[in-house]
Amino acid sequence: MTELQASLLMLSNGGLMSYFFKGVAFTIIIAIIAIVIGFVFGSVLALVRNYCVSGPQRILKWLAVAYIEVFRNTPLMLWIFICLVSFPVPSIPVAWAEAIALSTTEVQLLFKSIVALVLFTSSVMAEIIRGGLNSVDKGQFEAGYSQGFTFVQVLLYIVLPQTIRAIVPTMLSQIITTIKDTSYIANIAYIEFLGRVFRMIQLAPMYTGQPTQNVSDVFVLCGLACAIYFTINFAISLLVRSLQKRQKTVRVAYAAE
Amino acid sequence: MIRLIDVHKSFGNQEVLKGINLHVKEGEKLVIIGPSGSGKSTLIRLMNYLEEPTSGQVYVHTHLMSHNRRAFINKIHSAMVFQQFNLYPHLTVMDNLTLGPRKLKKVPKREAEEIAMHYLKRVKLEHKANVYPTTLSGGQQQRIAIARALTMQNRVLLFDEPTSALDPEMVQEVLDVMIGLSKEKNFTMVVVTHEMGFAREVADRVIFLDGGVILEEGTPEHFFKNPQNERCKAFLGKIIR
Ligand SMILES: Nc1ncnc2c1ncn2[C@@H]1O[C@H](COP(=O)(O)OP(=O)(O)OP(=O)(O)O)[C@@H](O)[C@H]1O
Ligand SMILES: [Mg+2]
C-alpha cells in the first residue's frame, strides 16, 4: 500500500470523519454566532462613536473609541490565547450541555472562542459600519429633520438602509475573514475543524498503519480542510452577489419604467 | 407664522447672525437675498432648527422652538427644499413622497400614495413615480423635492437656493412650480434666492442680509427702484444685469 493510499484510508474511517465534521459544525456555529453578535455590538459601537458627541454622552464615545482602537490594533491570536486560557466561564450544568449533545468542556470552549472572536470582530465591524454611516451625505439627515423625523427615525428609515447598502461588499469580506479567523483557535484547542485536522495529522499513524506520519497525510487532510473553507466562503460570496444583483435588477426595472 | 427674536448665531468664534428680528406673517412670501457667506442659509435653517441659535428665540406658529420640539414642530408646520435636493436615494420617487406622511402622520399607504400622486401631477412628474431619484435630471429632482415637501401638507415652505445647483436650462421649470405655489394664500413661503425676476414676481417682502444683519427690507418695488443702503445697491447692481 502506498503512503497516499494509507492516508486516504483515513477519509473512510467513520469515527475519524465524524470527529472531523463535528469540528466543521463547531466552526460554523462559532463563526455564525461571532458574526451576528459582532455585527450587533459593532453597530452599537459605531453609532456611539459617531453620534454620542456632545455633553456627558461623550464618555460613551471615548469608551467606544478606546475599545475599537485596542481590539482593532492588536492581534486576534493574542485575544484567542487570553480568552481560551483564562476567560472566566461559569461552570455549566452537565444536563444543559447534554441537552445539546456536547460535553461541558466543549460548551466552555465554544463560549470562550466566541468571546475572543467577538472582541476582535466587533471592533473591525464597527469601523466598517462607521465608514458606511459617514458615506451617507449629511443632507440626508437635514432632509429628515426638516420633515419632522427624530434622530432615531432618520437613522432607521433613511441613514441605516443606505449604510447597509454601502457596506455590503466590505462586510462580506469581513464575514469571510471571520470564518477563516476561527482557525486561530486551532493553536490552542481542538474544537473547530482545523484544530481537529492538526490533531488527526499528529495521530495519523494510528489510522494509516504506517510507522510514521507522512507528507501525504498532511496533503490529504489539509486538502480536505481547504476544500471545506473554500466551499463555505465561496458559497457565501455567491449568495451575497446574487442578492445584490437581484436588488440591482429590481432597481433597473423600475428605472426603465 | 415665524418669529425670530434677537437671534444670534455663532460658529466657533465667528458670529454669523448678529441679532435678527424678523416676523414672517401667515401667507407671506418672503425672499431673502444677500452676498455669499452673509448668513442667508443660516437664517432660513434657524426657522426649522437645522441650526440652533446661540441666543434668542424662534417661534413657529405659537410654538417656541427647541432642540427637543424640533421634530414635532417641523412635522406639523414646515417643510424645506434644499439646494442639493437631498432626495432619499434608496427609495423610489413614490416612497420618497410617502415616507414622511406614512411614518410621521400615520397616513395609510393607499391614501399617502394618492396624495403623492396628486403632487407629482402638480410638478408634472407623475410618470416618474416608480423610478429612483438618481435617474432623474437636476430639475426633475428638485421638482420631486418640492413635491415631497408638499406631501407633508404643512403651511410653511422654506427654500434655500432651490435653483442654484441647476443647469441654466432647468431653472425655469423649478421656478414655474414655485410661482404656482406662491399664488396660494395658504402657503407661507421663505425663499433664499438670487433669482431677482422671481423675487419681483412673487415676493411680498424682500430682505437684504449682509454681515449678519438685515440691512434693508421692503417690497420688491422698493428694492429695485430705490434701495437706500449702499451695500445693498452695490449688491443689486452686481446681480441684476
Ligand atoms: N456648520 C458651520 N460651521 C462653521 N461655519 C459655518 C457653518 N455653516 C456656515 N458657516 C459659516 O457661516 C457663514 C454664513 O454661512 P451661510 O451658509 O449662512 O451663508 P450664505 O449666505 O447662505 O452663503 P451662500 O450664498 O454661499 O450659500 C459663512 O462664513 C460660513 O462659512
Ligand atoms: Mg447658502
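For the structure, check the block above.
Because the structure is a prediction, the values reported are computed rather than measured.

Trainee: So what exactly am I meant to see when it comes to the overall build of chain A here?
Mentor: For chain A, the helix and strand inventory stands at eleven helices and zero strands. The C-alpha atoms of chain A give 23 Å as radius of gyration, which overshoots the globular expectation for 257 residues (18 Å, by more than 25%). Projecting the C-alpha coordinates of chain A onto the three principal axes gives extents of approximately 80 × 50 × 35 Å. Within chain A, buried positions represent 46% of all 257 residues. Counted over contacts in chain A with a minimum sequence separation of 6, partners at least 24 positions apart contribute 73%. Accessible surface, chain A: about 13100 Å² in total, of which carbon and sulfur atoms supply 70%. Each charge class in chain A was averaged separately, 17 positive and 11 negative side chains, and the resulting centres sit 7 Å apart.

Trainee: Honestly, the site of ligand 1 in this entry has me stumped. Any pointers?
Mentor: Residues and elements named next belong to chain B. In the vicinity of ligand 1, the contacting residues are Phe11, Gln14, Val16, Pro35, Ser36, Gly37, Ser38, Gly39, Lys40, Ser41, Thr42 and Glu161. The contact in question runs from an oxygen atom of ligand 1 to an N or O atom on the backbone of serine 38, over 3.2 Å. Across the complex, the protein chains shield 60% of the 630 Å² of accessible surface that ligand 1 would expose by itself. Those elements giving two or more residues to the shell around ligand 1 turn out to be strand S2 (14-24) and helix H1 (40-46).

Trainee: What exactly am I supposed to notice about the sheet that holds S2 of chain B here?
Mentor: Sheet strands pair by backbone hydrogen bonding; their relative direction is either parallel or antiparallel. All names here are of chain B. In spatial order, the strands read S2-S1-S4-S5; together these four strands make up an open sheet with antiparallel pairing. Since the sheet does not close on itself, it has two edges, and those belong to S2 and strand S5 (63-64), each with one partner. For strand S1 (residues 2-11) and strand S4 (residues 55-60), the ladder comprises five bridges, and the chain directions are antiparallel. Paired with isoleucine 2 across the bridge in S4 is valine 60.

About the cut-offs
Residues numbered from 1 in each chain as written. Chains lettered and ligands numbered in written order. Predicted model: local features only at pLDDT ≥ 70, side-chain atom pairs only at ≥ 80, totals over all residues. Heavy atoms only, no water. Helix = DSSP H or I, 4+ residues; strand = E, 2+ residues; numbered from the N terminus. Rg over C-alpha atoms; globule rule 2.2 N^0.38 Å. Buried < 20%, exposed > 50% of the residue type's maximum accessible area, 1.4 Å probe, protein only. Contact = heavy atoms within 4.5 Å. Areas by Shrake-Rupley, 256 points an atom, 1.4 Å probe, with all protein chains shown as cover. Lys, Arg positive; Asp, Glu negative; His and termini not counted. Charge placed at Lys NZ, Arg CZ, Asp CG, Glu CD. Near = heavy atom within 4 Å. Polar contact = N/O pair within 3.5 Å; in protein donor to acceptor, adjacent residues only side chain to side chain. Pairing = 2+ DSSP bridges.

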